[in-house]
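As a plain string of letters, each chain reads:
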Amino acid sequence: MAPSTTSDAPYGRMLTAMVTPFLPDGGVDYDGAARLATHLVDRQRHDGLVVNGTTGESPTTSDAEKERLVRTVVEAVGDRAVVVAGAGTNDTEHSRRLARQAEAAGADGLLVVTPYYNKPPQEGLLAHFRSVADATGLPVMLYDIPGRSGVPIATDTLLRLAEHPRITAVKDAKGDLFAGSVVMAETDLVFYSGDDALNLAWLAMGAAGFVSVVGHVVGAELHEMIDAYRAGDHGRALEIHRRLLPVVTAIMTRTQGAIAVKAALKILGLPGGGALRPPLAEATSEFAARLAEDLTIGGVQVPEVTR
């Protein structure tokens with residue numbers, strides 16, 4: 001099934017920030033990445049995949065690994081899904097290089113996070129995002145996540161960035177629903193929920209869809225939530241939201257997201273489960289046992305052997 005890309009959802013509606021599978025020796029498991037991407041698109045109803053994002057452990061993968069991951073995922077999903085490549089760093093020139101590399105590798109779009117740690121002023125953010133957007137012909141989704149970057153993208157900054165022809169969307173993990181509403185009302189920027197706890201709330205505010213983490217295990221249900229809401233069946237959307245609360249709680253609130261979702265994939269016997277690169281550490285057996293219980297409560301079919 002082709003991704004549901006339209007003018008009001010240019011990257012599709014259901015996307016997940018995909019983990020990067022690793023081999024026991026620490027190398028990237030490219031075959032596992034291809035199998036996971038195929039599973040998410042063909043079995044979990046994903047319109048798009050974000051590769052080399054934070055959940056993909058981008059801080060600890062090399063530029064060469066990032067390039068090969070994009071090529072691997074593009075080859076695996078073909079035209080069945082949009083592939084968005086993370087290209088943001090806290091170094092503008094490095095981000096421009098990653099953007100050009102992703103374009104050459106076949107990515108359909110770029111995810112560019114707010115520069116982290118060095119805490120630039122808003123004028124610095126404007127110059128950074130515009131420079132990265134100017135580096136390629138690809139559309140850009142901004143990633144506003146002050147909890148990790150230390151700096152929010154101010155509403156006025158977003159209004160100014162919207163004037164750039166290739167800056168087309170925002171993945172919001174800032175959680176300011178009112179500010180997002182203002183930006184959507186005054187610009188053509190398309191918003192995607194970047195916080196699974198607020199997925200339904202963002203739909204109510206006018207967001208196009210989700211860039212999820214829990215979509216690794218409940219992507220089809222999240223797509224159903226989007227479909228129900230857009231069809232006017234808000235009661236059904238709320239029912240799905242409430243049913244998935246244990247899954248969101250388990251994966252998004254108890255430890256770092258990549259750790260939790262890799263534990264979930266391991267429990268379910270899916271590619272990408274288990275190994276992480278330091279400084280991240282694999283989930284404890286106690287965490288995994290509780291996670292399996294919460295997944296079951298949330299309606300996920302967990303193999304008996306892991307319960």
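In this text the structure is predicted, and so the values were computed from the model without any measurement.

Draft legend 1. How the structure looks around the overall build of the protein chain. A count of helices and strands for the protein chain gives 13 helices and eight strands. In terms of principal-axis extent, the alpha carbons of the protein chain reach across some 55 × 45 × 35 Å. Here the protein chain, with 307 residues, has 55% of them falling under the buried criterion. At a minimum sequence separation of 6, the contacts of the protein chain that also span at least 24 residues come to 69%. Total accessible area computed for the protein chain in this model is approximately 12,300 Å², and 52% of it derives from carbon and sulfur atoms. Treating the 28 positive side-chain charges of the protein chain as one cloud and the 37 negative ones as another, the clouds have centres 2 Å apart.

Draft legend 2. Region of the structure containing the UniProt feature "active site" (unreviewed entry) in the protein chain. In the UniProt entry, the feature "active site" (unreviewed entry) is given for Tyr 143 and Lys 171. A maximum C-alpha distance of 4.8 Å places the annotated residues, which cover 29 residues in sequence, within one compact spot. Assignment of secondary structure puts Tyr 143 in strand E5 (residues 140–144). Take Tyr 143: its relative accessible area is 7%, and that puts it in the buried class. Mapped onto the elements of the fold, Lys 171 is located in strand E6 (residues 167–172). In contact with Lys 171, not counting residues within four places along its chain, are Ala 17, Leu 111, Met 141, Leu 142, Tyr 143, Asp 144, Tyr 192, Gly 194 and Val 211. One polar contact links Lys 171 to Tyr 143, side chain to side chain, over a distance of 3.4 Å.

Draft legend 3. Molecular detail of unusual backbone geometry. Omega for the bond connecting Pro 278 with Pro 279 falls within 30 degrees of zero, at 15°, which places this linkage in the cis form. Note that Pro 279 resides in the loop between helix H12 (257–267) and helix H13 (285–297).

Draft legend 4. View of the pattern of salt bridges. Tallied over the full model, the rule gives 17 salt bridges. For the salt bridge of Glu 57 with Lys 262, the shortest nitrogen-to-oxygen distance reads 2.7 Å. Here the residue Glu 57 occupies a position in the loop between strand E2 (48–51) and helix H2 (63–77), and Lys 262 occupies one in helix H12, the gap between them amounting to 205 residues. The same class applies to Glu 57 and to Lys 262, which are both buried. Arg 71 is the partner of Glu 67 in a salt bridge, and the nearest nitrogen-oxygen pair spans 3.4 Å. With Glu 67 and Arg 71 both in helix H2, this residue pair falls four residues apart, about one helical turn. You can call Arg 71 partly exposed: its relative accessible area is 39%. If you follow the salt bridges from partner to partner, you end up with Asp 8, Arg 13 and Arg 230 in one network.

Cut-offs used in this document
- Sequence positions are assigned chain by chain, starting from 1 and proceeding in written order.
- Side-chain atom pairs in this predicted model are given and counted only at pLDDT of 80 or more, local residue features only at pLDDT of at least 70, and totals for whole chains, interfaces and linings cover all residues.
- Heavy atoms throughout the structure, all of them, feed into the side-chain values; hydrogens and water do not.
- We count a stretch as a helix when DSSP gives it H or I for four or more residues in a row; a strand needs E for two or more, and each element gets its number in order from the N terminus.
- Each residue is placed in one exposure class: buried if its accessible area under a 1.4 Å probe, protein chains only, is under 20% of its type's maximum, exposed if it is over 50%, and partly exposed if it falls in between.
- Note on contacts: a residue pair qualifies if any of its non-hydrogen atoms lie within 4.5 Å across the two residues.
- Note on areas: these come from Shrake-Rupley sampling with a 1.4 Å probe, and a residue is covered only by the protein chains present in the view.
- Charge assignment in this entry is limited to Lys and Arg as positive and Asp and Glu as negative, and neither His nor the chain termini are counted.
- Here the site of a charge means NZ on Lys, CZ on Arg, CG on Asp, or CD on Glu.
- UniProt positions are given in the numbering used here, feature names are shortened, and annotations may be inferred rather than shown by experiment.
- Definition of a polar contact: a pair of N or O atoms within 3.5 Å, with one able to donate and the other able to accept a hydrogen when the atoms are protein atoms, and with sequence-neighbouring residues admitted only if both atoms are side-chain atoms.
- Salt bridge criterion: a side-chain nitrogen from Lys or Arg within 4 Å of a carboxyl oxygen from Asp or Glu.

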